[in-house]
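Summary of structural features
Below, each chain spelled out in residue letters.
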Amino acid sequence: MWWRTAWMAVVACSMFGQSSEGVSAADVASNLKTIKSVGAEAKGNAAASRAWAELAKADAKSLPDILVALDDASPLAANWIRSAVETIADRELNAKRPLPIVDLEKYLAETSHDPRGRRLAFELLTRVDPKTADRLLPGMLNDPSVEIRRDAVARLLKQANELFDADKTDDAKPVYQQALTAARDDDQVQAAVKRLSELGQAVDLPRHFGFIQDWSLIGPFDNTGKAGFNVVFPPENNDDLTAEFKGKDQKVRWTKTFTTDNYGIVDLAKVQAPHKGAITYARAEFMSDKARDVDFRLGTPNSWKLWVNSELAFSREEYHRGMALDQYRVRGRLKAGKNVILLKVCQNEQTEEWAQRWQFQLRVCDATGTAILSTTRPVAEKKDVTSR
Amino acid sequence: MQRTIITLLALLVLTTSVTAADWRQFRGNDGSGVAVDAAPPTLWSDTQNIAWKVDLPGRGLSGPIVIGDRVVVTASSGFAQDREHVLCFAAKDGRLRWHRQFWSTGRTMSHPKMCNATPTPASDGERIFAFYSSNDVICLDLDGDLQWFRGLNHDYPNVSNSLGMASSPIVAGDTLIVQAQNDSDSIAVGLDVATGANRWKLDRPILANWTSPIVVKGKTPDADVVLLLSSQGVTAVEPRSGRKVWEFAAECGQIPSATTVNGIVYVPAGGLTAIEPPSGSDSAKVLWQSGRVRPITPSPLIYEERVYAIGSGGVITCADARSGEQLWQFRLKGGLYYATPVAAGGHVYVFHEDGTAQVLKSGDRAELVGSHEFKEPILCTPAIAGNALYVRSDGHLWKIAQ
């Protein structure tokens, strides 16, 4: 009978309570291994689901070890692990049991751990004791976690604003400068730049973000009917900057351009002409002092293909769905020495007013958004860069 | 033994939680936007008929869903909108039952009015399926325990839209239907609700599309079909196999979804086109088509044999659902409507972008019977369950009930 079953279940629950079941360290490791095996198209999901249910029974002492597993977890597996941490922490805190604060803080302090895992640890610590943020954030201005860094910058901007509002502008200025140096999110950058401008200090925004300003351009090539996206025009396999190629209407040659836009925008409709059904290639040379993984972050309302050292990094055929800073994040690798970045920027033939933009911006940075500059980039000029 | 007991208890809980008063997906269980047995208040104020109001940790255009005594809502937060939230509140008092968060694995850029948490989640009564503009699909049980996670943009790197995704998933049998139609890689998938594995994956027309799939009930569950809309028309597929059953050529709108009531499908195409799905090898039959009934962003509502469609300029048009003949038009406050209207108790509830709720009496003439200023932007489609209306903004979730 259902009521008897229910009563037995209630009794069982009261016996076992909401407490964890003391999952052994070996079981935690085994379940994590299963979860980290998940892959594309639900590969390993069924096994991971079973492993997750076991892992979520682990006690609070296991939390730092589970967080460490994020260090080499894929983005998919990371979410399974995150959810287990959250579930364990919720259960323990709801039952008024302690979290391993000391070990979580040790994990947080070790900046080589996964930035998102460290942010999760930070949130657990501040959930237990809200004062933790005030204690830790001052030393976390350059944290690898973009969210922790954002909180630290916000705290600094608040401090600077209070000084500014109290007319202590000499004191406010270096605090704004410190906040700007650490800021990676554009809203915080703009907040700092606005005040620094009012205080008479120029900021080199392209340098701050790592926008490439120095480009070689060649085009237009034919993109009538959007047919040129997959056509291999000569610049895709001929890197001779002195060459002349057959363009859409006439022969075309490489030309140099240098954008002074604060956000590194190269407006092809102005630099060249507002061609329709056209393609232009933009090429830049980037000198790196070492081989390294980087983000190529692109913004464009046009279809595009990106090559790094002749290898196609990514391509996307989408026209006029907006343009934004860091619209596309393409993970890639620079080699030591000269690297060639080649971008194909395709314009279609839409006639609407909002479909006339033919432009791009591209920056090179690390995963936190910190600019990585070509070693041959000129030293910053002093200039007022307060307006876009 | 312990596992068995807990499983049995869980089954009991699940059995009791599956009620007729649920609102389990975008526009309710049957996708009509109508709660047949409910009668939420038509008048409320800051101090009257608001049962509770709770804070939300992030933005969202997604509508709430109701499963038994649970109200589930999604949100997204962070500078890049890349923190995905699923929250579950007690319907009775608004107490937070649980809150789970995830990291986006796909692109989160969207039009400023949209955000990562734009699609409404869905439930089969046992599981919750949260879907985001990032194309992440998260499956949780009713207690918030993760069942599986999919990153469709992770798996298919060009499945994304720089303006954001809005299509809400639906459950058809034991398959979750997700439509992710874009200018670049454009797909629809049927996922096994138990594991998230693809049952099928269809290439869809290459053009951004923000409509949600719908289920058209057959004479038996095996005869149900799912309708997918595109700029090329309506495609009916078998939920479990993705096999195309029939097609209807039409230039469908890219934003409003189709609505089906009593076996008739109302397709936002050429204004609005009412079609009767084919039986056997016939073609779909056009019952009527009207350019005067023209849903722009909100989907059409079919209620008490009338069609309600919000067009440009905030004009709501009411037409006879049998003939398409226009009955009346009424200029609502303001011009920008994103929320699809919902209906219950003889009334139609509409929400303006600025947070103005307006309640119209359903009938052959326009009659505004109530309004309320939430004073916060509301772009979600509300839920109705158990004589209560649930509505959310970027910052709050309200239960409107006596």
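Residues numbered from 1 in each chain as written. Chains lettered and ligands numbered in written order. Predicted model: local features only at pLDDT ≥ 70, side-chain atom pairs only at ≥ 80, totals over all residues.

1. Quick look at the overall build of chain B
- A tally of regular secondary structure across chain B gives two helices and 33 strands.
- The C-alpha radius of gyration of chain B comes to 20 Å, within 12% of the 21 Å expected for a compact globule of 402 residues.
- Its C-alpha atoms give chain B principal-axis dimensions of roughly 60 × 55 × 40 Å.
- The buried share of chain B, taken over its 402 residues, is 57%.
- Taking contacts inside chain B between residues at least 6 apart in sequence as the whole, the part at least 24 apart equals 52%. (Helix = DSSP H or I, 4+ residues; strand = E, 2+ residues; numbered from the N terminus. Rg over C-alpha atoms; globule rule 2.2 N^0.38 Å. Buried ≥ 20, exposed ≤ 12 C-beta atoms within 10 Å, placed from the backbone. Contact = placed C-beta atoms within 7 Å.)

2. Some thoughts on the packing of helix α9 (residues 146-165) of chain A against helix α11 (residues 186-198) of chain A
Residue and element names in this part refer to chain A.
- Orientation of α9 relative to α11, taken along the N-to-C sense of each, is 25°, at an axis distance of 11 Å. In terms of axis orientation, α9 runs roughly parallel to α11. α9 and α11 meet at a crossing whose hand is left-handed. Residue-level contacts link Arg 150, Val 153, Ala 154, Leu 157, Ala 160 and Phe 164 of α9 to Gln 188, Ala 191, Ala 192 and Arg 195 of α11.
- When the residues that make up the contact of α9 with α11 are grouped by side-chain class, the tally is seven nonpolar, one polar and two charged. (Axes fitted to C-alpha atoms, helices over the stretch in contact; angles between N-to-C directions. Parallel < 35°, antiparallel > 145°, perpendicular 65-115°, else oblique. Left-handed = near helix turned anticlockwise from the far one by under 90°. Nonpolar A, V, L, I, M, F, W, Y, C, P; charged D, E, K, R; others polar.)

3. Description of the interface of chain B and chain A
- The partner chain A presents 39 residues to the 36 residues of chain B that form the contact.
- Breaking the side of chain B that touches chain A down by element, the ones donating at least two residues are α1 (2-17), β6 (96-103), β10 (146-151) and α2 (152-155) of chain B.
- Residue classes in the side of chain B that touches chain A are distributed as 16 nonpolar, 15 polar and five charged.

4. Let's talk about the packing of α9(A) against helix α10 (residues 169-182) of chain A
All names here are of chain A.
- Viewed as axis vectors pointing N to C, α9 and α10 meet at an angle of 165°, and their least axial separation amounts to 8 Å. Considered as vectors, α9 and α10 are oriented roughly antiparallel to each other. Where α9 crosses over α10, the two elements pack in a sense that is left-handed. Together, Arg 149, Ala 152, Val 153, Leu 156, Leu 157, Gln 159, Ala 160, Leu 163 and Phe 164 of α9 and Thr 169, Asp 171, Ala 172, Val 175, Tyr 176, Gln 178, Ala 179 and Ala 182 of α10 make up the contact between the two elements.
- Taken together, the residues of the contact of α9 with α10 sort by class into twelve nonpolar, three polar and two charged.

5. Considerations on unusual backbone geometry
- Cis geometry is found at the peptide bond from Gly219(A) to Pro220(A), where omega equals 5°.
- Residue placement: Pro220(A) occurs in strand β1 (residues 214-222).
- A positive phi is found at Asn49(B), a non-glycine position, where the angle reads about 65°.

6. Observations regarding the confidence of the model for chain B
Residues and elements named next belong to chain B.
- Per-residue confidence for chain B gives a mean pLDDT of 94; residues scoring 70 or more make up 95%.
- Here residues 1-19 is modelled with pLDDT under 50, and outside its nearest four sequence neighbours on either side it reaches 24 contacts, counting other chains as well.
- Quick note on the complex model: pTM equals 0.93, ipTM equals 0.93. (pLDDT = per-residue confidence, 0-100.)

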